[in-house]
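Secondary and tertiary structure notes
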Amino acid sequence: MNVHYTGATDTPVRQITITIDGKEVSVPEGSTILTACNAAGKDTPTLCYGDTLTPKNACRVCMVELEGSRVLVPSCSRKVQPGMVVKTDSERVRHSRRLVLELLGSSVDLSTTPRIPEWMERYDADPDRYGERAGESRRRDVHEPGEHHAGDGSVADTMCQPIKIDNDLYVRDYSKCILCYKCVDACGSQWQNSFAIQIAGRGFDSQISTEYAAELPDSACVFCGNCVEVCPTGALSFKSEYDMREEGTWDESQQTQTTTVCTYCGVGCNVNLHVQDNKIVKVTSPHDHDIGHGNLCIKGRFGFSHVQSRKEDGDG
Amino acid sequence: MTVFGAGGGTSSYNEIEDADLIVFWGSNAREAHPIFFHHALKAIHKGAKVYAVDPRRSKTAEWADSWLGLDVGTDVALAYGVGREIIHAGLVNEAFVANASVGFEEYVAACEPWTLEVTSRETGVPAELIRQLAHDYAKAERAQLCWTLGITEHHNGTDNVRALCNLALLTGQVGRWGAGLVPVRGQNNVQGGGDMGAIPKNLPGFHDVGNPEHRAKFEHMWGVTMPPKYGLTLSEMMEAMDEGHLTSVYVVGENPVQSDADTTAVARRLQNLDHLVVQDIFLTKTASFADVVLPSTAAWCESEGTFTNSERRVQLVRKALEPPGSAKDDIEIIRLIAERLGHVWPIQTAEQIWDELRAVSPAHHGMSYRILEERGGVQWPFPDENGPESPFLHGRLWEKDPAKRGRLAPFGIIEHRLPVDKLNDEFPLRLTTGRRLTDYNTGVQSGGFNSPIRLGACVDISPEDMVRLGLNEGEVVRVSSRRGTVLAAARRDPGLRPGLLFMACNFPDEMDVNALTIEANDPISKTAEFKATAVKVEKTNEELPQESAVAETIDRDRPDKELATANEEG
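Residues numbered from 1 in each chain as written. Chains lettered and ligands numbered in written order. Predicted model: local features only at pLDDT ≥ 70, side-chain atom pairs only at ≥ 80, totals over all residues.

Moving on to the overall build of chain B. Scanning chain B from N- to C-terminus turns up 21 helices and 23 strands. In summary, chain B has a C-alpha radius of gyration of 24 Å against a globular reference of 25 Å for 570 residues, a match within 12%. When the 570 residues of chain B are sorted by exposure, 54% land in the buried category. By sequence separation, contacts in chain B at least 24 residues apart represent 72% of the contacts at least 6 residues apart. (Helix = DSSP H or I, 4+ residues; strand = E, 2+ residues; numbered from the N terminus. Rg over C-alpha atoms; globule rule 2.2 N^0.38 Å. Buried ≥ 20, exposed ≤ 12 C-beta atoms within 10 Å, placed from the backbone. Contact = placed C-beta atoms within 7 Å.)

In structure tokens, the structure reads:
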């Protein structure tokens, strides 16, 4: 029996050795190239990769060059095999990452995506070379199949659309959505199994939507916030964070994170309390904890306000 | 647990992922324990079969292959019917029964009257479904039997639990990876509170107050003589208040005026006390009756300590916020009270107190804060810091060596007894209570956030009864029991069978559900029968109360009230 015995047989896991940028690195069998890159200290940009989710291969920003492979391979999903020779910074890889970042940057608002400026600079990406952005579209939720009209190329088509604020718990700003599917998978069979959201539309008209684009309180959503937990760009954000960003008071450098145990039922989910000015400003959940794997329910995620309302009342 | 000799769930959450059969009996885990249900969903996607045994076709039942909609309070009968079918179909795990149990012959005899037909008539569950559950449970490679308050909040809650334990004993569905009995705890630290001795018969670390050897350990450590008498349970305290023996009460973190059955009686008792102290993070309705209120820190985010969850996992609780105003840590409040009583206790951190517990509780001995931190919590028993963790309990029952096997598990010979609050012509409907996804207990905590999916204070009624009573959704009805009456909006719920009503217990200010419930207590666990109340429903033109009642009680003037703060002299 080992730490948090999993019932699996105790067969030792084989180590696989591959070469990354000329240096050998060994990782357990079944690992991905991304894991090997991390082990080798190669910083690899990722967006659609989720440590609690099955790889979706949607964003293509983590592509690497694999010797003997005709095309670049997504490092987040390709499993290591003995003797693989991988290049993470070749001209082909740099060109591919640059193009992906530029296309995303020209069509999506990446202003709240962590590390984007750093990556843009590293890969000399210039999203502005696709021209001025087209304006906000109010029709993204309601278009008919095949209705899309290709533009004339004078402006860059975008995901830009009005922010959806239809409840007090979380906000959907699909102008920031890169269609990585992580929210869909977290809401679907991988974790929450509520199936409240899916991709609606095809091609450039695709977007994440509830059934018939219903407002969240009228949809199948149970407000667990597990989609917000995995969103890589801030397209989904907690209302508390959204409001503070709007006010200009959101300041991560002034925040502490403390892991404690949820105050509600007896399951014992761990919660990370993000605290700024002695107030809980958002609640996340540790992805590597084997009770919740980053998931919470509505009470664990949003049921902290009673503590703050005491503060407003003085000694309550 | 009397049966196996340790009070805790036998399995880890991860084990349910490997089960091929899951029975949710009196548990609506999908709503009440959503993240535990995530683990069950893993099994469901791998092909596990699921049974839901519940009077309501709950959200959990929507995930089940079969729903056994039994009449409220017929769990013992159903369990006997399942047991008899297992016996008669030759599906008993005879090797396990012979190895691990005592009382099998008596159990067989007790099952005998419960043929499928008799059981079906008594429970309202079709005979074929009972037969299928019996066969699937007995034949499963690894079956998990999970329950919650649907089993325990009855006048015979302990009997109900024993009835389920019997089934596991009969089939060997316990003490193996993936096979177990899982009582999912309703509150964050119910398990830990009990483990730490917050049970009238217990001292911390599973020690018995009545056992002189156990007491001696604590007497030695603390240098005091301990009273050998068991304390009173909550419901015994209520009786003692009625009889006038108990005149002073100190309530810590409970809101019995709203959470206990028959709230009118509870309020009367508290008002009649000579002295009531309430220690809470809010001025609850109970606190509004108090002579002294001690504002405390929120245990889960303003102080350090541990909670123990339903899989016996002790986890660190950490301080993230400075408490408001004069609120004090529970440890400090108790120390200051001791000081005023003339005992100078040292100022101790939560970790120092934990280490004291580790010194007397072998099951917790290996759990230093360092280990708890490193492993993200540890499951008891964990006597040795370097030792293995125990994902499941009672594996010893499978040992061939009698020395290793230890005490054999007895079958429970129990009687099927219907709920105390009988249905009749005046009160023809059965009301059961529970919790919905977004709400919790008396709403003191969950009322703090604005849930978009909160249904609020309403009474759920079957479509058939809606028609019979001439009701439309949202119309106000008066729900009355033999003890009290409340107004509520009617809500149509196709998951209810005719004759069954459901009310959430989380909105006592708008809808005092426990004014209706009966204080019929289980003789052993002393849990009240929240789940079975006889009521009638009448359509009314009265309006629902607009303002919450708690404001009135808080404003009510009590001249002798002193909002004490522990730091006045500290």
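The next thing to look at is the nonpolar core. Buried together is how nonpolar side chains tend to be arranged in soluble globular proteins. Counting residues in each nonpolar core, the largest one holds 180 residues, and the members touching the most others are Cys183(A), Ile22(B), Val23(B), Tyr137(B), Leu145(B) and Leu164(B). The greatest single-element share of this core, amounting to eight residues, is contributed by helix H10 (residues 157–171) of chain B. With residues up to four places along the chain from it excluded, the contact list for Leu164(B) reads Trp25(B), Ala79(B), Leu145(B), Trp147(B), Ile151(B) and Leu181(B). Residues Leu431(B), Val479(B), Ala504(B) and Leu516(B) belong to the second largest nonpolar core, which totals 27 residues. (Core = buried A, V, L, I, M, F, W, Y, C linked by C-beta atoms within 7 Å.)

Attention now moves to the domain arrangement of chain B. All names here are of chain B. Under the domain assignment used here, chain B contains domain 1 (13–183), domain 2 (190–379) and domain 3 (429–546). The distance between the C-alpha centroids of domain 1 and domain 3 comes to 27 Å. Taken together, the contacts link 19 residues of domain 1 with 22 residues of domain 3. Class assignment for the residues of the side of domain 1 that touches domain 3 results in four nonpolar, 11 polar and four charged. (Domains from an automatic or database assignment. Nonpolar A, V, L, I, M, F, W, Y, C, P; charged D, E, K, R; others polar.)

This paragraph deals with the domain arrangement of chain A. Residues and elements named next belong to chain A. Domains assigned within chain A are domain 1 (7–132) and domain 2 (170–312). On the domain 2 side, the residues contacting the 16 residues of domain 1 number 18 residues. Across the side of domain 1 that touches domain 2, the residue classes tally to eight nonpolar, five polar and three charged.

The subject of this paragraph is the sheet that holds strand S5 (residues 85–87) of chain A. All names here are of chain A. The five strands are arranged S2-S1-S5-S3-S4 in an open sheet whose pairing can be described as mixed. Taken across any chain shown, the strands that pair with only one partner, and hence form the sheet edges, are strand S2 (23–28) and strand S4 (73–74). With two bridges connecting them, strand S1 (residues 15–20) and S5 associate as parallel partners. Note on S5: the bridge partner recorded for Thr 19 is Val 85. With respect to the sheet, helix H2 (residues 91–107) is in contact with strand S3 (63–66) and S5, its orientation differing from that of S3 by roughly 160 degrees. (Pairing = 2+ DSSP bridges. Axes fitted to C-alpha atoms, helices over the stretch in contact; angles between N-to-C directions.)

On the side of chain B, 58 residues touch chain A, which itself brings 52 residues to the contact. Only strand S10 (255–261), strand S11 (270–276), helix H7 (298–302) and helix H8 (305–312) of chain A provide two or more residues apiece to the side of chain A that touches chain B. Take the side of chain A that touches chain B: its biggest share by element is six residues, from H8(A). Of the residues in the side of chain A that touches chain B, the class split is 24 nonpolar, 22 polar and six charged.

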